[in-house]
Amino acid sequence: MMMKEENQYSAESIQVLEGLEAVRKRPSMYIGDIGSRGLHHLVYEVVDNSIDEALAGFCTNITVAINSDNSITVADNGRGIPVDLHEKEGKSALEVVLTMLHAGGKFSKDSYKVSGGLHGVGVSCVNALSSKLIAEVRRNGKVYTQEYCRGVPQTAVLETGVADDTGTIITFFPDSEIFVQTTAFSYEILSARLRELAFLNKGVRLSITDNRESDSKENGEGDNGNENGRHSEVFYSELGLLEFVTYLDGTREKLTEKPIYLDTGKSGFPIEIAMQYNTGFSENIHSYVNNINTIEGGTHLSGFRRGLTTTLKNYADKNGFLSKLKFDIDPSDFREGLTAIISIKVAEPQFEGQTKTKLGNSEVMGAVSQAVSAALDNYLEENPRDAKSIIDKVILAATARHAARKAREMVQRKSVMSGAGLPGKLSDCSDRDPAKCELYLVEGDSAGGTAKSGRDRTFQAILPLRGKIMNVEKTAEHKVFDNEEIRNIYTALGVTIGTEEDSKALNLKKLRYYKVIIMTDADVDGSHIATLILTFFFRYMQDLIKNGHVYIATPPLYLVKKGKEERYCWTEEERKNAIEIIGKGKDSGLHVQRYKGLGEMNAIQLWDTTMNPENRLLRQVTIDNAAEADRIFSMLMGDEVPPRREFIEQHAKYANIDA
């Protein structure tokens, strides 16, 4: 049988993507995704270039501006990207950097000792994915400018003025052809990253300004109290991680008087670590390599844990603190109630995978372990009272863990995969392919009943939750696992606790649903319940969030109806538009219903608006900045009232309050 000519696979079928075409063809390979996370990653790439200049000792000031047209401008006072002729390429070095992948000074050890952007595709990727980019360089007493469109130069490098300083200014417009979901930047996301960078790079001043009009800002962000309605912040840290750990632990009750801190370069590369024990029950360790948040850890985190465990155990044994303990101490016991930041700078880091989230350099583990042991030894000897408090905390953690093990075993025994039954309140779906199945965690039996009636039983399961679940932020682990509602969540999901490496780790191998959807009322109580569930997921099932399994359902706020014509509305703006369209400027016969709870909708309405995959609006829960998420959960759900009140006062003006 002859193949049709158009289906033949020949040399002509092979496409060769030149220059930045590959980036535009497969943007997710270079920036992760083309949603909000990838959009903000563009800013990080440009800022990282400026940070590299700071690490090399040539930059002290970096500014970021969200302009009124939603473009971004990043400026620094570094040396300025070279503009002279690149002999091999036959064009300006500036154009080479902005148009060629794997081009830049960070590949030369003479230019940069360490660098965050390892693959050398940063600013060229930004150029490729921008509808317009303008590069301005101040160097050699002159100002040079070049403009691009989707990675293609529109002008040569032009001399446009004189300068008495040096630096680089990059202004870019994200391409709406690539970022089809949104091209609107979030001030909160960008400011959190700049704050983090300021702590990680002491002595560097970073600032951000939002020049958009307050009523056009994304996510309802508005006036922050300034006369012009603009956000503006400056981040600067003299003490680095010492201030970072104090910032993260600001809403927790401290166990020791002062943080434990080390800053050394004896191993051949800089190691900076700050840690603080608190009276809480969670372990909050954040690790960085060359300013990259290594969310999957790596050899530097393993070295830290080994140094911490060995040193504390040796100290406790030497002083007889563990002699009366009737069971073994687990390494995790030494980390309960610990907040720590590990930051190292490595000239040639080896990251596992494209995402650069796990460090693989074998020589780092021993160096970090030794540095931690030396610093901790000195601290324990010089601060015996704090040392006793830490060991007492470890013993308390071990005792609680011993009690929690029985509760965890009960969770495991009730796991559906071990042969026991599912929770009685769970209405399961018939499909057994986890990738197709979704579990709704629903507030209350009433809404749960409506959801059961309205769902598609093939792939949608419903688990009603009784009232408000436990606040795990203020609860010991064994009490968490004793809680029936939380045990039901574990059992329904089919997940288990504990791996060979970590007795508290979550094992997702037998996860029964790839979508876990929190569905609560659109009122204050519903928001509180959703926050309690998210706090539980963040503290005990963080991998569920990191792997993209957690979502929040968005029920409509209004139903606008006139005669047989009706329209559901999710925002205040949609309500106004619906009234204008349906009412045609007349109030006669127009009815507007405000939904305050899921129970106010019947099963068909709930399906049509909130559960039908073709119509519903699901918000995926992501962790853009783990350290900032850690701080916010601690602040919102912890014991300290003043920081929580301040946060609410700052953000309440952005909320739609029901009259």
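Going by the structure above, here's the rest.
All values derive from a computational prediction rather than experimental measurement.

A. Examining the overall build of the protein more closely. Regarding its fold elements, the protein presents 19 helices and 26 strands. A buried classification covers 51% of the 659 residues belonging to the protein. With an accessible surface of roughly 31,400 Å², the protein has 49% of that area assigned to carbon and sulfur atoms.

B. Summary view of the sheet that holds strand E24 (residues 565–569). Pairing is antiparallel across the open sheet formed by 3 strands, whose spatial order is E24-E23-E25. The sheet is open, and its two edges are formed by E24 and strand E25 (590–594), each paired on a single side. Shown here is a sheet whose adjacent strand axes are inclined to one another by a mean of 15 degrees, direction ignored. Contacts from helix H16 (residues 572–583) reach strand E23 (558–562), E24 and E25 within the one sheet, and its direction differs from that of E24 by about 170 degrees.

C. Seen up close, the pairing of strand E9 (residues 167–174). Counting buried positions along E9 yields 7 of 8 residues, so the element is predominantly enclosed. Here strand E2 (residues 72–76) runs beside E9; their pairing, made up of 5 bridges, is antiparallel. Pairing of Asp-76 across the sheet is with Thr-168, part of E9. Where strand E5 (residues 130–139) and E9 come together, 8 bridges link them in antiparallel fashion. The residue bridging Glu-136 from the neighbouring strand is Ile-169, located in E9.

D. Spotlight on the pairing of strand E14 (residues 284–289). Along E14, 6 of the 6 residues are buried, which leaves the element largely enclosed by surrounding structure. Here E14 shows two buried faces, one formed by Asn-284, His-286 and Tyr-288 and the other by Ile-285, Ser-287 and Val-289. Where E14 lies against strand E16 (residues 338–344), 6 bridges are found, and the strand directions are parallel. Residue pairing across strands places Tyr-288 opposite Ser-343, the latter belonging to E16. By the bridge criterion, 2 bridges tie E14 to strand E15 (residues 292–293) in an arrangement that is antiparallel. Residue pairing in the sheet places Val-289 in a bridge with Ile-292 of E15.

E. Structural view of the side chain of Thr-610. Tracing the chain through its elements places Thr-610 in helix H17 (residues 603–611). Engagement of the side chain of Thr-610 in a polar contact is seen with the side chain of Thr-609, the distance being 2.9 Å. Among all residues touching Thr-610, those that are not within four sequence positions of it are Tyr-440, Met-519, Ala-553, Thr-554, Pro-555, Pro-556, Met-601 and Arg-616.

F. Representation of the packing of helix H11 (residues 445–454) against H17 within the structure. Viewed as axis vectors pointing N to C, H11 and H17 meet at an angle of 80 degrees, and their least axial separation amounts to 8 Å. What the angle tells us is that H11 and H17 run roughly perpendicular. On H17, the residues touching Thr-450, Ala-451, Ser-453 and Gly-454 of H11 are Ala-603, Leu-606, Trp-607 and Met-611. Of the residues assigned to the contact of H11 with H17, the class counts are 5 nonpolar, 3 polar and no charged.

The rules behind the values
- Residues numbered from 1 in each chain as written.
- Predicted model: local features only at pLDDT ≥ 70, side-chain atom pairs only at ≥ 80, totals over all residues.
- Heavy atoms only, no water.
- Helix = DSSP H or I, 4+ residues; strand = E, 2+ residues; numbered from the N terminus.
- Buried < 20%, exposed > 50% of the residue type's maximum accessible area, 1.4 Å probe, protein only.
- Areas by Shrake-Rupley, 256 points an atom, 1.4 Å probe, with all protein chains shown as cover.
- Pairing = 2+ DSSP bridges.
- Axes fitted to C-alpha atoms, helices over the stretch in contact; angles between N-to-C directions.
- Contact = heavy atoms within 4.5 Å.
- Polar contact = N/O pair within 3.5 Å; in protein donor to acceptor, adjacent residues only side chain to side chain.
- Parallel < 35°, antiparallel > 145°, perpendicular 65-115°, else oblique.
- Nonpolar A, V, L, I, M, F, W, Y, C, P; charged D, E, K, R; others polar.

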